[in-house]
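Here is what each chain is made of, one letter per residue.
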Amino acid sequence: DGWVTKLMVRPGEQVTVGDPLFEVQSLALQDLQLELIQAENNRRFWEDQGKRLLQLQGSEVIAKRRLAEIQTKLQVENSTLAATREILLNYGYTAQSIDEVATTQKLQSVLILKASHSGTVVEANAKIGKPVNSDQVLVEIHDRSKCLRR
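A short tour of the structure in this document, coming up. Every value quoted in this text rests on a predicted model; they were computed, and no experiment measured them.

1. Here we look at the pattern of salt bridges
So, step 1. Taken as a whole and assessed by the stated rule, the structure comprises 6 salt bridges.
So, step 2. One salt bridge connects Glu69 with Arg66, and the closest N-O pair in it is separated by 3.3 Å. Of this pair, Glu69 and Arg66 both sit in helix H2 (residues 64-91), 3 residues apart, which is roughly one turn of that helix.
So, step 3. Glu69 gets classed as partly exposed once you look at its relative accessible area, which sits at 30%.
So, step 4. The partly exposed category is assigned to Arg66, whose relative accessible area is 32%.
So, step 5. Here Arg85 ties to Asp99 by a salt bridge, and the two come within 2.7 Å at their closest N and O atoms. You can see Arg85 sitting in helix H2 and its partner Asp99 sitting in helix H3 (residues 95-104), a full 14 residues away along the chain.
So, step 6. On the basis of relative accessible area, Arg85 is assigned to the partly exposed category, the value being 24%.
So, step 7. A relative accessible area of 36% means that Asp99 is categorised as partly exposed.
So, step 8. One salt-bridge network, in which partners are shared between bridges, spans Glu40, Arg43, Arg44 and Glu47.

Rules behind the numbers
Residues numbered from 1 in each chain as written. Predicted model: local features only at pLDDT ≥ 70, side-chain atom pairs only at ≥ 80, totals over all residues. Heavy atoms only, no water. Salt bridge = Lys/Arg side-chain N within 4 Å of Asp/Glu carboxyl O. Helix = DSSP H or I, 4+ residues; strand = E, 2+ residues; numbered from the N terminus. Buried < 20%, exposed > 50% of the residue type's maximum accessible area, 1.4 Å probe, protein only.

Laid out in structure tokens, this is it:
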């Protein structure tokens, strides 16, 4: 859930796959990005802990149980990362933008929603400042080249 911050198309305009349609700002999406960053940091931490422990594996100091605990925590963080990535992909983020957030640890304040297919914008329900949610149809695009003609 969020609100529209910028419109980039109007009814009657032609769009192609990947053309930007509008921008949305959402606290929920920023929370998901924070979750991604936290999971990435935790994954790195537990991965480093596991590497350190493996270096000491020959000594009597290392408990096998501790290594198993670290590996379990690493698996949990990898699962959290995968789930959060999938949610962000479903919202319209690209794999590249998700990687950028995880690497730079900087939030993207807006999500640019792009056309999933080419055609003519028939209806644009998005309005600047208007609240929107993920199950709402904001733009309707028809590809008239695929219409049947008699």
